[in-house]
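# Inside the fold
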Amino acid sequence: MRPELLFPLFAEVTALTGVGPQVGRLLGKLGLRRVVDLLWHRPIGLIDRRARPTVAAARHGEIATIAVRVDEHLKPRAPGRPYRIVCSDPSGTLVLVFFHAREDYLLRTLPIGSDRVVSGKVELYGDEVQMTHPDHIVPPERADSIPPVEPVYPLTAGLSPKLMAKITAAAIGRLPDLPEWNDTALLARERWPAWKPAVTALHAPVAAADIDPGTPARRRLAYDELLASQLALLLVRGRAQRRGHPVEGDGRLRRRAIAALPYQLTEAQNRTLAEIDADLRAPRRMSRLLQGDVGSGKTVVAFLAMLAAVECGRQAALMAPTEILARQHFATLSPLAEAAGIRLALLTGRDKGKARERIISDLAEGRIDIVVGTHALVQADVVYRALAVAVVDEQHRFGVEQRVEIAGKGQSVDLLAMTATPIPRTLTLALYGDMDVSRLDEKPAGRKPVDTRLVSLERLEEVIAAIGRTLEHGNRAYWVCPLVEESEKVDLAAVEERHRVLAERFPGRAALVHGSMKAAARDSAMRGFAGGETPLLVATTVIEVGVDVPAATVMVVEQAERFGLAQLHQLRGRIGRGAQPGTCLLLYRGPLGETAKARLTLMRETDDGFRIAEEDLRLRGAGDLLGTRQSGVPPFRIASLDTDSDLLAIARDDARLVLERDGGLEGPRGAALRVLLHLFERDTAARLFQRG
Ligand code: ADP
Ligand code: MG
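On a predicted model such as this, the values are computed, not experimentally measured, just so you know.

### Section: the overall build of the protein
Helices and strands together make up the secondary structure of the protein, namely 25 helices and 21 strands. The C-alpha radius of gyration computed for the protein amounts to 30 Å, which stays within 12% of the reference 26 Å derived for 692 residues, consistent with globular compactness. Based on the C-alpha atoms only, the size of the protein along its principal axes is roughly 95 × 70 × 50 Å. Of all 692 residues assigned to the protein, the portion counted as buried reaches 55%. Across the protein, contacts joining residues at least 24 apart in sequence account for 74% of those joining residues at least 6 apart. Carbon and sulfur atoms make up 52% of the accessible area of the protein, which totals about 30100 Å².

Written out as structure tokens, the structure reads:
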């Protein structure tokens with residue numbers, strides 16, 4: 001369980017003085033729900049208030065702190081006009097400008113004849129020197145209360161910089177003293193501060209250089225996080241490599257399934273299957289990541305691997321990140337299961353009551369051989385009679401925790417994780433350091449390359465006309481609009497509006513799916529599209545993950561410049577799966593910046609997922625490539641694979657050494673490392689230690 005020492009950090013933000021439910025909600029929008037979240041929310045700049053010029057000497061456009069006397073209040077001349085307060089010092093006149101201000105408040109804070117110190121941006125308006133909404137207004141005797149330097153944080157509407165700085169300061173005020181978990185020699189060599197001073201320094205920049213990611217304070221904290229993650233990964237691997245039951249299939253079911261395939265397995269599929277088989281037969285547990293570009297045919301490999309478990313009388317499970325995908329897997333695997341003569345079932349969060357109970361008892365009593373489902377597969381009351389092989393599809397949508405959970409559903413479960421997100425080799429260590437990797441680096445024969453074009457939004461009419469032709473030919477098209485959390489409302493309105501326009505042009509033929517729709521409505525829209533009744537699917541990225549509709553030939557991505565390249569590549573992979581060649585139209589709203597243009601051009605030039613990932617990494621940095629938006633699981637809070645990849649190898653070695661010397665984390669450093677695991681919420685890993 002979480003050490004008591006950390007309780008103050010894991011309290012809700014609303015536990016801080018000055019943070020009520022409303023501010024709490026605003027912070028929530030930034031993903032800041034608990035005190036600890038505030039610690040990792042780094043300043044992105046600073047405001048330097050140290051300049052204390054006279055009015056005449058103040059530089060226009062810059063922040064200054066100025067001592068003045070209040071001369072006169074000028075009320076707004078008309079509604080909507082600002083309230084103006086004329087102030088001066090011996091060198092000149094400074095007008096303070098307030099919009100929508102309450103008069104009584106201004107009379108109280110700036111009474112006529114009083115002396116005040118004000119701090120804010122000085123601007124020249126006509127020939128008048130002004131300061132609009134000063135950030136600080138205090139009497140001279142309290143001038144010291146104006147912070148000389150203030151950190152600037154990423155904000156959201158309604159949250160002022162001043163409030164944010166105050167909240168963070170309150171969070172810093174609650175920092176406990178934590179035991180040192182780092183090797184003292186490393187700290188000395190890198191000249192890193194201890195944990196508490198490091199966090200404090202991170203939030204107290206005094207010069208521009210302190211914002212730089214290279215400061216010892218941030219580097220130390222980044223290292224902490226990498227160490228926690230490497231420790232967790234090694235631990236999971238260590239468990240995985242304990243003795244397991246060998247899974248030795250005799251091939252009889254697999255042969256039947258292969259005979260039922262309408263195609264030949266590719267060489268890459270056969271090779272990876274052989275790698276998996278070797279793992280299954282070995283006495284240690286499998287922990288393998290199957291990487292393969294979109295459409296490389298991972299599902300059938302997983303199915304054949306799972307059959308080996310059934311051949312020796314045991315069970316297998318395939319877990320997908322979304323309901324849509326789980327259903328699709330169930331549909332595509334059903335005929336193969338039938339051919340092999342095994343019992344396949346589907347279990348998702350939507351199964352309730354009697355139906356769910358039946359599936360659960362069938363699993364527990366071994367009447368189901370292979371189960372396909374969502375996260376529902378690892379719910380507490382789901383018990384397997386003999387789970388031997390677990391497959392996690394689209395692994396990048398899950399965390400290491402889910403791997404542990406599903407593996408915990410049986411005695412010595414062999415684990416296969418699959419991902420289509422092409423992760424550059426340099427990053428596999430950080431995210432999948434615990435796994436062996438197989439690559440499906442060949443696409444099934446007969447795939448037509450997708451023709452990718454960049455089209456300005458100004459040519460929307462032509463694009464709609466092209467969609468019309470596609471539908472006339474009996475083909476299907478996707479129309480994808482972006483949706484990100486920060487601008488969810490606007491994005492949702494945009495996709496609904498696009499659907500309205502297209503539905504008007506193609507009456508009865510355009511369906512809509514997005515994440516906030518009821519599941520049943522979403523399913524029926526997907527079915528209508530797959531079945532061809534509604535051959536145009538307007539969607540947000542819910543379709544990104546793994547949907548397979550071979551008759552789809554056109555993919556339109558609106559505001560393509562807002563998508564990550566890996567994500568665009570995933571989307572493009574949805575088409576050109578059947579006999580017809582595909583076209584991908586990347587609609588952008590011009591003019592495009594340099595980087596945006598380079599990125600979209602790359603999409604046009606190559607279809608190689610790994611090259612795209614490498615380039616995206618170069619152009620945008622790892623943070624973005626693996627950011628929440630694309631992977632669903634933010635890999636790191638404070639570490640960045642752009643600036644800290646050198647630390648990764650050190651952390652890896654360190655973690656290894658620790659586990660060699662003190663595998664149970666029982667010594668003094670071990671105890672500190674447990675705190676570290678909890679601090680970065682590697683609780684599952686920490687729990688494993690407790691179980692020993
Ligand atoms: P992904 O690797 O993206 O999960 P899928 O497993 O969904 O890919 O496979 C994509 C499509 O390719 C499916 O329609 C599948 O039936 C087909 N497929 C898989 N293997 C082959 C093959 N060897 N030859 C031809 N088509 C294949
Ligand atoms: Mg897939």
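### Thoughts on the site of ligand 1
Gln 264, Gly 295, Thr 299, Arg 447 and Asp 548 are the nearest of the 16 residues found near ligand 1. Isolated, ligand 1 exposes 560 Å² of accessible area, and the fraction of that covered by the protein chains is 83%. Looking at side-chain class alone, the shell around ligand 1 contains four nonpolar, seven polar and five charged residues.

### Notes on the pattern of salt bridges
Under the criterion given, the structure shown has 45 salt bridges. Asp 441 serves as the salt-bridge partner of Arg 271, at 3.5 Å between the closest nitrogen and oxygen. Here Asp 441 lies in the loop between β15 (436-440) and β16 (451-456) and Arg 271 lies in helix α9 (residues 267-281), a separation of 170 residues in the sequence. Taking the relative accessible area as the measure of exposure, Arg 271 reaches 36% and is therefore partly exposed. Among the salt bridges present, the one from Arg 459 reaches Glu 462, with a minimum N-O distance of 3.3 Å.

### Observations regarding the environment of Arg 25
Positionally, Arg 25 belongs in helix α1 (residues 21-29). Since its relative accessible area comes to 57%, Arg 25 is described here as exposed.

### Describing the domain arrangement of the protein
As assigned here, the protein comprises domain 1 (4-45 + 169-208), domain 2 (50-146), domain 3 (213-447 + 657-692) and domain 4 (450-606). Each of domain 2 and domain 4 was reduced to a C-alpha centroid, and the two centroids are 52 Å apart.

### Topic: helix α4 (residues 161-172)
In this model, α4 (12 residues) spans 16 Å end to end at C-alpha, consistent with the 16 Å of a helix rising 1.5 Å per residue. All of the buried residues along α4 are Met 164, Ala 165, Ile 167, Thr 168, Ala 171 and Ile 172. What you see down the axis of α4 is that its buried residues fit within an arc of 165 degrees, all on one side. Check the buried side of α4 and you find it contacts α1, α2 (35-40), β8 (149-152) and α6 (195-202).

### Section: the pairing of strand β20 (residues 552-557)
With six of six residues buried, β20 is to be regarded as a mostly interior element. As paired strands, strand β17 (residues 476-480) and β20 are joined by five bridges and run parallel to one another. The residue bridging Ala 477 from the neighbouring strand is Val 554, located in β20. Looking at chain direction, β20 and strand β21 (residues 583-588) are connected through four bridges and run parallel.

### Quick word on the nonpolar core
Within the largest apolar cluster, 59 residues are counted, with the highest numbers of intra-cluster contacts made by Leu 9, Leu 27, Leu 39, Trp 195 and Leu 679. Those elements giving two or more residues to this core turn out to be α1, α2, α4, α5 (184-190), α6, α7 (216-240), α23 (645-661) and α24 (668-679). Per-element accounting of this core gives the leading share, nine residues, to α7. Viewed by domain, this core spans two of them, domain 1 (4-45 + 169-208) and domain 3 (213-447 + 657-692), each represented by three or more residues. Not counting the four nearest positions on each side in its chain, Leu 9 is found in contact with Arg 34, Val 35, Val 36, Leu 39, Arg 174, Leu 175, Pro 176, Trp 195 and Leu 679. Of all hydrophobic cores here, the second largest spans 42 residues; its members include Leu 307, Leu 333, Leu 346 and Ile 370.

### A few points about the sheet that holds β16
Overall, parallel pairing links the six strands, which are arranged β16-β21-β20-β17-β19-β18 in an open sheet. The two strands at the open ends of the sheet, each matched to only one other strand, are β16 and β18 (510-513). Taking each pair of neighbouring strands and ignoring which way they run, the sheet shows an average axis angle of 20 degrees. The sheet contact formed by β17 and strand β19 (residues 536-539) spans four bridges and is parallel.

### Examining the packing of aromatic side chains
This structure, assessed with the given rule, holds four aromatic pairs. Taken together, a centroid distance of 4.8 Å and an interplanar angle of 50 degrees make the contact between Tyr 478 and Phe 529 tilted. Here Tyr 478, found in strand β17, pairs with Phe 529, found in helix α17 (residues 519-531); they are 51 residues apart in sequence, far enough to count as distant. Here Tyr 478 and Phe 529 have matching classes, each one buried. The aromatic ring of Phe 10 is capped on one face by Arg 2, whose charged end is 3.9 Å from the ring centroid.

### Topic: α6
Taken as a whole, α6 has its buried residues at Trp 195, Ala 198, Val 199 and Leu 202. Projected down its long axis, α6 shows its buried positions confined to an angular sector of 95 degrees, all on one face.

### Comments concerning the side chain of Arg 49
Looking at where Arg 49 falls in the secondary structure, it is placed in the loop between β1 (45-48) and β2 (63-74). Within the structure, Arg 49 has its side chain in polar contact with the side chain of Glu 150 (distance 2.6 Å). Excluding residues within four positions of it along the chain, Arg 49 makes contact with Ile 63, Thr 65, Ser 119, Gly 120, Asp 135, His 136, Ile 146, Pro 147, Pro 148 and Glu 150.

Conventions and cut-offs
- Residues numbered from 1 in each chain as written.
- Chains lettered and ligands numbered in written order.
- Predicted model: local features only at pLDDT ≥ 70, side-chain atom pairs only at ≥ 80, totals over all residues.
- Heavy atoms only, no water.
- Helix = DSSP H or I, 4+ residues; strand = E, 2+ residues; numbered from the N terminus.
- Rg over C-alpha atoms; globule rule 2.2 N^0.38 Å.
- Buried < 20%, exposed > 50% of the residue type's maximum accessible area, 1.4 Å probe, protein only.
- Contact = heavy atoms within 4.5 Å.
- Areas by Shrake-Rupley, 256 points an atom, 1.4 Å probe, with all protein chains shown as cover.
- Near = heavy atom within 4 Å.
- Nonpolar A, V, L, I, M, F, W, Y, C, P; charged D, E, K, R; others polar.
- Salt bridge = Lys/Arg side-chain N within 4 Å of Asp/Glu carboxyl O.
- Domains from an automatic or database assignment.
- Expected span 1.5 Å × (residues − 1).
- Arc of directions from axis to C-beta.
- Pairing = 2+ DSSP bridges.
- Core = buried A, V, L, I, M, F, W, Y, C linked by side-chain atoms within 4.5 Å.
- Axes fitted to C-alpha atoms, helices over the stretch in contact; angles between N-to-C directions.
- Phe/Tyr/Trp six-rings, centres within 6.5 Å; stacked < 30°, edge-to-face > 60°.
- Lys NZ or Arg CZ within 6 Å of the ring centre and 35° of its normal.
- Polar contact = N/O pair within 3.5 Å; in protein donor to acceptor, adjacent residues only side chain to side chain.

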